[in-house]
Amino acid sequence: MKHPDDDNELFNRLEAEMGTDSKGDVVDLDKARSARTESADGTPDASPDSAPDGSADSAAGESDDSGPALVDRPAPTRSGPGLIDRIRDSKRLDIIPVWMKSGAEFKDAMGWLAGHVWHTIAFHAVRVPFLYVPKLIWRSPRGLVNALGRIGRWAVDAEGEPLRQAEARRENSELYLKLSRQRDRRVRLRMLLTILGGLFALVAGLFLVFGAELMTQLIAAAVTVLTLGWLGAPADAPLATRAVIKTEVQKLTSDVVVKAMASIGIGQIASAVAKGQDGIRFVAPITREGPGWRADIDLPLGVTVADVADRRARLASGLRRPLGCVWPDADPNEHEGRLILWVGDRDLSKTGTVKWALANVRKYDIFKRVPFGIDPRGRAQSVPMIQHNILVGSLPGQGKTASVRVLACGAALDPSVELWLHENKGTGDLDSLECVSHRFVSGIDDDSIRYAADSLKLLREEVMRRAAAIKKLPRDLCPDKRVTRPIADKRSLKLWPLVGVFDECQNLFAHPKYGKQAGDDAEFIIKLGRALGVILVLATQRPDKDSLPTGISGNVSIRFALKVAGQVENDMILGTSAYKNGVRATSFRPEIDAGNGYLAGATALPVVVRTAYLDDPATNAIAQRALALRKAEGTLSGHALGEDTDSTSGPSYDLLADVAAVVPPSEKRVWNERIAARLAELRPEVYGGWKGENVTSALKPHGIKTTGVAGTTDDGERTTRRGIVRDDLTKTIAERDENRGAA
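Residues numbered from 1 in each chain as written. Predicted model: local features only at pLDDT ≥ 70, side-chain atom pairs only at ≥ 80, totals over all residues. Heavy atoms only, no water.

Asks: Requested: an account of the overall build of the protein, with residues and values cited.
Replies: Each helix and strand counted, the protein has 27 helices and 18 strands in total. Long-range pairs, those at least 24 residues apart, make up 67% of the contacts in the protein between residues at least 6 apart in sequence. (Helix = DSSP H or I, 4+ residues; strand = E, 2+ residues; numbered from the N terminus. Contact = heavy atoms within 4.5 Å.)

Right, here's the structure in full:
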């Protein structure tokens with residue numbers, strides 16, 4: 001009979017084996033480490049489990065399993081790319097400096113060097129006959145006395161007298177006698193040489209006075225007087241003054257940078273420096289770059305460039321440099337903790353007026369980047385205008401209009417560009433360019449504001465026309481469906497670049513009557529017009545939601561912010577979170593930093609730029625060159641030709657009148673798709689390719705809303721589609737005509 005415990009025999013046996021097997025024990029790591037430490041020290045383990053096992057298996061050489069088995073390597077293994085990959089991805093420094101590879105920068109450098117040398121030569125050449133020679137003549141008597149005195153002291157060995165007197169006071173007779181005998185030998189020889197030299201000088205003088213020619217006498221006298229004058233110069237009054245006074249700037253060293261970084265209030269850096277460490281790591285030697293020093297730094301883990309930029313004023317204090325000399329930037333090719341610290345020799349605001357690169361250029365292509373100014377390192381910065389819209393903002397008097405003038409002049413130098421200029425401040429800052437403008441207004445009154453609003457309405461219609469024209473172009477001619485240089489040069493297509501400038505646009509967008517519609521039109525143009533060659537340049541000194549609609553500020557691609565009042569204004573111009581990321585136009589100083597601003601969208605990262613400056617004469621000269629170009633190529637139009645731009649600017653057709661012409665009074669309601677087909681028959685060069693949605697978008701700015709209209713298709717099917725009510729059309733036309741008559 002089977003015993004009940006037989007069923008559990010196998011389980012009991014396994015449990016017993018596990019109970020005696022040390023491998024099944026739960027190991028206390030702390031105790032195991034202590035045991036290994038004591039064993040290494042030679043102290044016997046007192047635990048019973050540590051008794052030697054006398055079994056044959058143990059004697060056979062089994063390993064001791066009393067401690068846990070190590071599975072990790074004692075040292076971390078290297079991970080990441082291999083040696084070849086690291087070499088391949090390494091950054092190679094330029095063999096030839098950038099300024100030597102750039103023709104413009106090399107020319108500027110050589111021009112500066114030539115100017116420096118010429119200035120030095122001219123400075124001293126003017127002073128030689130009127131200052132330096134009279135000084136030498138005046139000092140020659142003193143030089144004669146000094147020369148005779150030096151000869152006399154040398155002849156009698158006066159320089160050794162203090163040493164002989166010192167030995168006499170010490171009563172060191174032996175050494176004193178040696179020095180005296182040495183002095184006697186020197187004096188005998190020197191007196192002989194002095195007498196011979198005096199006799200030679202006397203003979204030479206008599207010969208020059210009585211035997212030499214007049215020219216030789218004059219040359220000898222001049223050399224003698226000038227030499228004596230040189231010897232008679234006081235030690236604290238040199239003959240010549242410096243032609244150029246160099247600015248003494250402390251060299252940027254790693255010690256200086258480490259101390260400065262530790263003082264700006266970042267805990268990780270300060271604590272590391274307090275422990276005798278650097279806290280930061282220099283990834284490259286500190287080198288000269290332009291008119292300043294560059295340091296490439298890896299910040300501690302968790303610290304970003306924005307954290308340093310937020311403390312720029314403290315950093316400038318730690319470096320003992322003016323605020324306008326210290327510019328911490330990020331490296332777009334590296335991680336967020338890579339800091340490029342550039343410290344200039346002088347304040348950016350003291351670099352003087354920046355000369356515009358196109359000031360003397362006869363013609364320019366707007367499809368290239370337009371020169372705009374320089375950054376703190378002296379590098380030229382430019383702005384792309386094609387396929388972009390530009391927003392400029394600042395407090396009054398900080399250089400906003402001057403920045404707009406540079407962009408407008410760059411566009412004017414391309415004779416294919418059609419300029420629409422609107423200066424709604426009324427001070428005439430853009431009057432010089434009136435002679436080349438298709439539409440132009442300068443004023444702050446209601447008529448000027450209405451004119452600017454009408455321009456935006458016309459631009460919106462122009463965008464719609466261009467969209468239809470681009471759509472009809474063959475794909476091989478326009479594969480990307482955007483305006484290019486070859487397309488712009490085909491005047492028959494009427495797709496040349498069109499630049500609309502609206503200075504002080506807050507007066508337009510905040511206007512109680514025209515502002516809302518103008519904002520909607522501008523937003524529409526910004527969203528759709530960039531690929532169609534329509535460019536808006538907007539400038540404002542009051543960047544808030546009422547004066548600058550968020551639909552505009554949120555869609556412009558290039559932004560330039562000079563000094564602004566606060567964080568809200570900063571982010572309205574430069575984009576959301578710009579202030580948080582350390583891009584702060586609030587840091588610029590009023591008036592002192594006029595012309596300095598943050599440029600975003602034109603480069604990979606926002607960069608500080610000092611804009612070029614064009615005064616009225618320079619702007620007028622550029623405008624006259626632009627006028628001559630347009631006359632030569634026949635591209636003058638609108639206001640520049642004296643035409644009535646209120647009636648002739650923009651498309652030469654009347655959309656509302658055309659719609660009224662294709663919708664008879666008998667049709668109270670009509671589908672937009674049928675209006676599009678009829679318009680294409682009426683003006684195929686304008687409305688060709690239009691569909692129902694084009695009609696909807698084109699009528700929206702005029703206040704004509706679409707609605708569901710019931711009707712019958714050509715196949716006799718009854719359905720409802722988007723359309724308009726003819727009474728709304730006639731009412732809009734009547735109101736428009738009434739407003740024009742009142743104006």
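What follows picks up the thread again.
Asks: Any details on the pattern of salt bridges? Residues and values, ideally.
Replies: Per the counting criterion, the structure on display carries 36 salt bridges. Between Asp-157 and Arg-190 there is a salt bridge, and its shortest N-O distance comes to 3.6 Å. Here Arg-190 lies in helix α8 (residues 173-210) and Asp-157 lies in the loop between α6 (103-155) and α7 (161-169), a separation of 33 residues in the sequence. Taking the relative accessible area as the measure of exposure, Asp-157 reaches 1% and is therefore buried. (Salt bridge = Lys/Arg side-chain N within 4 Å of Asp/Glu carboxyl O. Buried < 20%, exposed > 50% of the residue type's maximum accessible area, 1.4 Å probe, protein only.)

Asks: Give a detailed account of a negative patch on the surface, specifying residues and quantitative values.
Replies: Residues Asp-431, Glu-434, Asp-615 and Asp-616 make up a contiguous surface patch of negative charge. Turning to its location among the elements, Asp-615 is positioned in the loop between β15 (607-611) and α21 (616-633). On the accessibility criterion, Asp-615 (35% relative accessible area) is partly exposed. (Patch = residues over 30% accessible without salt bridge, like charges linked within 9 Å, V, L, I, M, F, W, Y side chains within 5 Å. Areas by Shrake-Rupley, 256 points an atom, 1.4 Å probe, with all protein chains shown as cover. Lys, Arg positive; Asp, Glu negative; His and termini not counted. Charge placed at Lys NZ, Arg CZ, Asp CG, Glu CD.)

Asks: Please provide a residue-by-residue account of the sheet that holds strand β10 (residues 437-442), values included.
Replies: An order of β7-β6-β15-β14-β13-β8-β12-β11-β9-β10 is seen for the ten strands of this open sheet, with the pairing classed as mixed. Because the sheet does not close on itself, it has two edges, and the strands there are β7 (380-383) and β10. Strand-to-strand twist across the sheet, computed as the mean angle between neighbouring axes with direction ignored, equals 25°. Sheet analysis places strand β8 (residues 390-393) next to strand β12 (residues 534-540), joined by four bridges and oriented parallel. (Pairing = 2+ DSSP bridges. Axes fitted to C-alpha atoms, helices over the stretch in contact; angles between N-to-C directions.)

Asks: Lay out the sheet that holds strand β16 (residues 669-671) with the relevant residues and their values.
Replies: The antiparallel open sheet is built from three strands, whose spatial order is β16-β18-β17. Of all the strands in the sheet, just β16 and β17 (707-712) have a single pairing partner and so form its edges. In this sheet, neighbouring strand axes are inclined to one another by 60° on average, regardless of whether the strands run parallel or antiparallel. Here β16 pairs with strand β18 (residues 718-725) via three bridges, running antiparallel. Note on β18: the bridge partner recorded for Arg-669 is Val-725. Across the face of the sheet, helix α24 (residues 672-682) comes into contact with β16, β17 and β18 while running at roughly 75° to β16.

Asks: Kindly report on the nonpolar core, identifying the contributing residues and their values.
Replies: One finds Leu-456 and Trp-690 to be the most contacted residues of the largest nonpolar core, which totals 71 residues. Top element by residues in this core is helix α15 (residues 446-472). It accounts for eleven residues. Non-local contacts of Trp-690, meaning those with residues more than four positions away in its chain, are made with Met-464, Ala-468, Leu-655, Ala-676, Leu-679, Val-695 and Ala-698. Trp-356, Ala-411, Ala-612 and Ala-623 belong to the second largest nonpolar core, which has 47 residues in total. (Core = buried A, V, L, I, M, F, W, Y, C linked by side-chain atoms within 4.5 Å.)

Asks: Break down the packing of aromatic side chains for me, with residues and values.
Replies: Two numbers describe a pair of aromatic rings. These are the distance of the centres and the angle of the planes. The final tally for this structure, using the stated rule, is three aromatic pairs. Centre to centre, the rings of Phe-372 and Phe-560 are 5.0 Å apart; their planes meet at 85°, and the pair counts as edge-to-face. Here Phe-560 lies in strand β13 (residues 558-561) and Phe-372 lies in strand β6 (residues 370-374), a separation of 188 residues in the sequence. For Phe-372, a relative accessible area of 1% corresponds to the buried category. The ring of Trp-293 carries the charged tip of Arg-288 above its face, separated from the ring centre by 4.9 Å. The side chain of Arg-439 reaches across the aromatic face of Tyr-451, ending 3.9 Å from its centre. (Phe/Tyr/Trp six-rings, centres within 6.5 Å; stacked < 30°, edge-to-face > 60°. Lys NZ or Arg CZ within 6 Å of the ring centre and 35° of its normal.)

Asks: So what's going on with the environment of Thr-304? Residues and values would help.
Replies: Checked against the element boundaries, Thr-304 lands in the loop between β3 (292-298) and α12 (305-309). Residues Thr-304 and His-335, 31 residues apart in the sequence, show an inter-C-alpha distance of 9.1 Å. Not counting chain neighbours up to four residues away, the residues in contact with Thr-304 comprise Leu-299 and Glu-336.

Asks: Give me the environment of Ser-403: which residues, what numbers.
Replies: Structurally, the position occupied by Ser-403 is in helix α14 (residues 400-412). Ser-403 sits in the buried class, given a relative accessible area of 0%. Sequence-wise, Ser-403 and Asn-596 are 193 residues apart; in three dimensions their C-alpha atoms are separated by 10.0 Å. Those residues in contact with Ser-403 that sit more than four places away from it in its chain are Phe-372, Val-392, Phe-560, Leu-562 and Thr-611.

Asks: Before we move on, could you go through the packing of helix α23 (residues 655-662) against α24 and cite the residues and values that matter?
Replies: Where α23 meets α24, the axes come as close as 9 Å, and the angle between the chain directions of the two elements is 105°. Relative to α24, the element α23 is oriented roughly perpendicular. Facing α23, whose interface residues are Asp-658, Val-659 and Val-662, α24 presents Ile-675, Arg-678, Leu-679 and Leu-682. Among the residues making up the contact of α23 with α24, the classes are represented as five nonpolar, no polar and two charged. (Parallel < 35°, antiparallel > 145°, perpendicular 65-115°, else oblique. Nonpolar A, V, L, I, M, F, W, Y, C, P; charged D, E, K, R; others polar.)

Asks: Talk me through the pairing of strand β11 (residues 498-503); I want residue IDs and the actual numbers.
Replies: With six of six residues buried, β11 is to be regarded as a mostly interior element. Neither face of β11 is exposed, since Leu-498, Gly-500 and Phe-502 on one face and Val-499, Val-501 and Asp-503 on the opposite face are all buried. Bridge count between strand β9 (residues 418-423) and β11: six bridges; the pairing is parallel. Each residue of the ladder has a partner; that of His-422, found in β11, is Phe-502.

Asks: Give a detailed account of the side chain of Thr-635, specifying residues and quantitative values.
Replies: By secondary structure assignment, the location of Thr-635 is in the loop between α21 and α22 (645-648). Among the polar contacts made by the side chain of Thr-635, one reaches the main-chain carbonyl oxygen of Pro-415 at a distance of 2.8 Å. The contact partners of Thr-635, leaving out residues within four places of it in the chain, are Pro-415, Arg-491 and Arg-630. (Polar contact = N/O pair within 3.5 Å; in protein donor to acceptor, adjacent residues only side chain to side chain.)

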